[in-house]
Amino acid sequence: MSLELEIAQASARLIAEEGMPWGPAKQRALRDLGLPPRTALPGNELVEAALREHLSLFQADTQPAELHTLRELAAQWLERLAEFEPLLVGAVWRGTANRFSDLRLELFADDPKAPEIALLNLGESPEPGPQGRDARGQELQNLVIWLRPPPGFHQPVALHLAVLDPRERRGALLPDARGQTWRGDAAGLRRRLAESENP
């Protein structure tokens, strides 16, 4: 086994079993494996492949249902925030989510404060999320809402909302070289939900 794959598998275990974010999981994997901090880290695609394998081996009896629940929850929020042309990103879209996963949506608005105002009008209490930057290096407005545990879950689900310039949405749904998309809209998510209900 290559060192890169070993790190990816250790990272995947931490993501699947402890809910660690990917970056910290890779760093922790280095420490757990006794490797130097400057060791080259595996790319996200390799970690994702290792994560899919881990889930199929160790969580096959629970993960599909947890993913379905999170996708249903995401569909509700895509509908609630439809005015901002939201896209679902991350593990819930890609199919690697489990009970530890967060929901991640990208919203698009000319006024970065508009989604926060809309959420307040919906009776929600958004909190400031981690700072980030968009593809052009501009500071992002990030919000977090803590959602009540859905059926079968024992902890709240964090809904992360990144507010982007509408120009960032162009080309966002194009597939990569392997035909995979990194984000999806409400229609795409509905198709995935229907596929899981009617395999």
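The structure displayed is predicted, hence computed values, not measured ones.

Draft legend 1. Quick look at the packing of aromatic side chains. Here the structure, examined in full by the defined rule, presents zero aromatic pairs. Above the ring of Trp 77, the side-chain terminus of Arg 80 is found at 4.5 Å from the ring centroid. The residue whose ring lies beneath Arg 94 is Trp 182, and the NZ or CZ to ring-centre distance is 3.6 Å.

Draft legend 2. Expanded view of the pairing of strand S4 (residues 141-147). Extensive coverage of S4 is indicated by the burial of six of its seven residues. Across two bridges, the pairing between strand S3 (residues 127-128) and S4 is antiparallel. Considered in S4, the bridge of Glu 127 is made with Val 144.

Draft legend 3. Summary view of unusual backbone geometry. Residues other than glycine seldom take positive phi values, yet Glu 85 does so here, at roughly 45°. Tracing the sequence through the fold places Glu 85 in the loop between helix H4 (63-80) and strand S1 (87-89). Judged by relative accessible area, Glu 85 falls into the partly exposed class, the value being 45%.

Draft legend 4. Local environment of the packing of helix H1 (residues 3-18) against helix H3 (residues 44-58). In contact at an axis separation of 8 Å, H1 and H3 are set at 55° when each is read in the N-to-C sense. Classified by the angle between their axes, H1 and H3 sit oblique to one another. In the packing of H1 onto H3, the handedness of the crossing is right-handed. Here Glu 4, Leu 5, Ala 8, Gln 9, Ser 11, Ala 12, Arg 13, Ile 15, Ala 16 and Glu 17 of H1 come into contact with H3, specifically with Leu 46, Val 47, Ala 50, Leu 51, Glu 53, His 54 and Leu 55. By residue class, the composition of the contact of H1 with H3 is ten nonpolar, three polar and four charged.

Draft legend 5. Geometry of the environment of Glu 106. On the secondary structure map, Glu 106 appears in strand S2 (residues 103-108). For Glu 106, a relative accessible area of 13% gives the class buried. Residues Glu 106 and Ala 162 lie 56 residues apart in sequence; the distance between their C-alpha atoms is 4.8 Å. Ignoring anything within four residues of it in the chain, the contact list for Glu 106 reads Glu 85, Pro 86, Leu 87, Val 89, Ala 162, Leu 164 and Arg 183. Within the structure, Glu 106 has its side chain in polar contact with the side chain of Arg 183 (distance 2.9 Å).

Draft legend 6. Quick look at the pairing of strand S5 (residues 157-164). Where burial is concerned, most of S5 is hidden: eight out of the eight residues are buried. Residue alternation in S5 divides its side chains into two sets, Val 157, Leu 159, Leu 161 and Val 163 and Ala 158, His 160, Ala 162 and Leu 164, and both sets are buried. Two elements, S2 and S5, share six bridges in a ladder whose sense is parallel. Paired with Arg 104 across the bridge in S5 is His 160.

Draft legend 7. Just helix H7 (residues 186-197), in detail. For H7, built from twelve residues, the straight-helix expectation of 16 Å at 1.5 Å per residue is met to within 8% by its first-to-last C-alpha distance of 16 Å. Three or more residues of H7 are buried, namely Gly 188, Leu 189 and Leu 193. Down the axis of H7, the buried side of the element spans an arc of 140°, and every buried residue falls inside it. Within H7, the exposed residues directed more than 90 degrees away from the buried face are Arg 190, Arg 191 and Glu 195. In the core, the buried residues of H7 are packed alongside H4, S1 and helix H5 (91-94).

Scoring rules and cut-offs
Residues numbered from 1 in each chain as written. Predicted model: local features only at pLDDT ≥ 70, side-chain atom pairs only at ≥ 80, totals over all residues. Heavy atoms only, no water. Phe/Tyr/Trp six-rings, centres within 6.5 Å; stacked < 30°, edge-to-face > 60°. Lys NZ or Arg CZ within 6 Å of the ring centre and 35° of its normal. Buried < 20%, exposed > 50% of the residue type's maximum accessible area, 1.4 Å probe, protein only. Helix = DSSP H or I, 4+ residues; strand = E, 2+ residues; numbered from the N terminus. Pairing = 2+ DSSP bridges. Axes fitted to C-alpha atoms, helices over the stretch in contact; angles between N-to-C directions. Parallel < 35°, antiparallel > 145°, perpendicular 65-115°, else oblique. Left-handed = near helix turned anticlockwise from the far one by under 90°. Contact = heavy atoms within 4.5 Å. Nonpolar A, V, L, I, M, F, W, Y, C, P; charged D, E, K, R; others polar. Polar contact = N/O pair within 3.5 Å; in protein donor to acceptor, adjacent residues only side chain to side chain. Expected span 1.5 Å × (residues − 1). Arc of directions from axis to C-beta.

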